[in-house]
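Structural description and commentary
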Amino acid sequence: MKKKIRLEITAAGEIRAKTIGMNDEECLDYVEILEELLDAETIDSTFTEEFLRAQQHQYQEEQTEVKQQTEVKGE
Amino acid sequence: MSLSLTLIPIAIATTSIVSYALQGKVEEGAYYKLDTKIKDENILKEALENRGNVVSLDEKQIESSIGNVEIVFQRQEDETISAIFHEDVSLEDAEAFLKNTYEEYTRIVQHNTYEKLIERAKNEGLLLESETRNEDDTLVLTFQVKE
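Position labels on residues start from 1 in each chain and follow its written sequence. Each chain takes a letter, starting from A, and each ligand takes a number, starting from 1, following the order in which they are written. Where local features are concerned, this predicted model is filtered to residues with pLDDT of at least 70; where side-chain atom pairs are given and counted, the filter is 80 or more; whole-chain, interface and lining totals use all residues.

**Some details on the overall build of chain B**
The way it works is that DSSP assigns letters per residue, a run of H or I at least four long becomes a helix, a run of E at least two long becomes a strand, and they are numbered from the N terminus. Of the regular secondary structure elements, chain B holds two helices and nine strands. Listing the helices and strands of chain B from first to last along the sequence gives β-β-β-α-β-β-β-β-α-β-β. Exposed residues have 12 or fewer other C-beta atoms within 10 Å of their own C-beta, buried residues have 20 or more, and partly exposed residues fall in between, where C-beta atoms are placed from the backbone. Classification of the 147 residues of chain B by burial places 29% in the buried group. Across chain B, every contact between residues at least 6 apart in sequence was considered, and the portion connecting residues at least 24 apart equals 48%. Residue pairs qualify as contacts under a 7 Å threshold applied to their C-beta atoms, which are placed from the backbone.

**With respect to the overall build of chain A**
Looking only at helices and strands, chain A features two helices and three strands. Mapped in sequence order, the helices and strands of chain A form the string β-β-α-β-α. In chain A, which comprises 75 residues, the proportion classed as buried is 25%.

**As for the interface of chain B and chain A**
Counting residues at the interface gives 35 residues for chain B, matched by 40 residues for chain A. Ranked by residue count, the leading element in the side of chain B that touches chain A is helix α2 (residues 91-121) of chain B, at 10 residues. Residue polarity follows a fixed list, in which Ala, Val, Leu, Ile, Met, Phe, Trp, Tyr, Cys and Pro are nonpolar, Asp, Glu, Lys and Arg are charged, and the others, Gly among them, are polar. Grouping the amino acids of the side of chain B that touches chain A by side-chain chemistry returns 18 nonpolar, 10 polar and seven charged. Any two strands are treated as partners once DSSP identifies two or more bridges connecting them. The pairing of strand β1 (residues 4-9) of chain A with strand β9 (residues 139-145) of chain B spans six bridges and is classified as antiparallel. Directly across from Ile5 of chain A, in β9 of chain B, lies its bridge partner Phe143 of chain B.

**Describing the nonpolar core**
Throughout this description, the term nonpolar core refers to a group of buried Ala, Val, Leu, Ile, Met, Phe, Trp, Tyr and Cys residues whose C-beta atoms join them within 7 Å. Core analysis: the biggest nonpolar cluster contains 40 residues, and Leu7 and Leu44 of chain B have the highest contact counts within it. Sort the elements by how many residues they give to this core and α2 of chain B lands first, with seven residues. With sequence-adjacent residues up to four places away left out, Leu7 of chain B is seen in contact with Ile15, Ala17, Leu34, Glu35, Leu38, Ala40, Glu41, Thr42 and Ile43 of chain A.

**A few points about the packing of helix α1 (residues 41-50) of chain B against α2 of chain B**
Residue and element names in this part refer to chain B. Here α1 crosses α2 at 120°, and the two axes come no closer than 9 Å. In terms of orientation, α1 and α2 fall into the oblique class. Crossing geometry of α1 relative to α2 is assigned as right-handed. On the side of α1, the interface is formed by Ile43, Leu44, Glu46, Ala47, Leu48 and Asn50, while α2 contributes Thr101, Glu104, Tyr105, Ile108 and Val109. Residues belonging to the contact of α1 with α2 are distributed by class as follows: seven nonpolar, two polar and two charged. For every element, the axis is a line fit to its C-alpha atoms; helices are fit only across the contacting stretch, and the angle between N-to-C directions ranges from 0 to 180 degrees. Any angle between 65 and 115 degrees counts as roughly perpendicular, while under 35 counts as roughly parallel, over 145 as roughly antiparallel, and the rest as oblique. By convention, the crossing between two helices is left-handed when the near helix turns anticlockwise from the far helix through less than a right angle, and right-handed when the turn is clockwise.

**A word on the sheet that holds strand β2 (residues 15-20) of chain A**
Across the sheet, six strands lie side by side as β3(A)-β1(B)-β2(A)-β1(A)-β9(B)-β8(B); this open sheet has antiparallel pairing. Of all the strands in the sheet, the pair left with one neighbour each is β3 (40-47) of chain A together with β8 (126-133) of chain B. If you compare each strand with its neighbour and ignore which way they point, the axes differ by 20° on average. Pairing geometry for β8 of chain B and β9 of chain B, over seven bridges, is antiparallel. Its bridge partner lying in β9 of chain B, Glu131 of chain B is registered against Leu141 of chain B. Its contacts with the sheet put helix α1 (residues 26-38) of chain A on β1, β2 and β3 of chain A together with β1 (3-9) of chain B, and the angle it makes with β1 of chain B is roughly 20°.

**Considerations on unusual backbone geometry**
A positive phi is found at Asp39 of chain A, a non-glycine position, where the angle reads about 50°. Residue placement: Asp39 of chain A occurs in the loop between α1 and β3. Located in the positive-phi region is Asp137 of chain B, a residue other than glycine, with phi close to 75°. Within the fold, Asp137 of chain B resides in the loop between β8 and β9. Its 12 C-beta neighbours within 10 Å are what place Asp137 of chain B among the exposed residues.

**Regarding the confidence of the model for chain A**
Looking at chain A, pLDDT values average 84 and 87% of them are 70 or higher. Scored between 0 and 100, pLDDT is the confidence that the predictor attaches to each residue. Ranking the elements of chain A by mean pLDDT puts helix α2 (residues 49-74) of chain A last with 74 and β1 of chain A first with 95.

**Details of α1 of chain B**
Residue and element names in this part refer to chain B. Of the positions making up α1, those classed as buried are Ile43, Leu44, Ala47 and Leu48. Taken around the axis of α1, the buried residues stretch over an arc of 135°, which confines them to a single face. On its buried face, α1 sits against β4 (54-57), β5 (61-66), β6 (69-75), β7 (81-86) and α2. One or two positions beyond α1, positive phi appears at Gly52, with a value near 90°. Each direction from the helix axis to a C-beta atom contributes to the arc, which is the arc of those directions.

And the structure:
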């Protein structure tokens, strides 16, 4: 999936932003970039389910790797 | 999608829930003050002029008049700008005036935000892919991130 950013600028001045296709912490870099681009400050931020699933998957892979290494050392 | 953000332009205060509120009486009750979320005096001046006000801006305050009604805007300690009305102006009229002024103010903020974004995005590797305006006047822009 291509990496994208979708922005909504409302008539009340509020800006809503969503990063698309960024499943690692790269998306966090865009908090500061968007604040500078828009001369705005972030008042709310949430990770989407896609991001959390990717984080959980990465954690599980790391745990499996640690377990395998422990087993190798124990032999 | 991986991260959702809500941002407020620095021209708008984030501290107050309402866009304007009765703050209190000033100068022995002859005038009263209404607080706003407005922070940028130049945008405020433009908004007032767009709505037919005659406006003068100096270092301390903005003086605005429409018909025979004069309104003074002063910056507060929290960086927001409050409006001061003479007691002859009803609270209802003052609130309606501020509501209309604030709507014009945020319309200008929206336009300025869009202009800045279009001007600066390329430097951050963001390429505009699509742009639409919804029925509620929300601008929706999608950028591709250059890798």
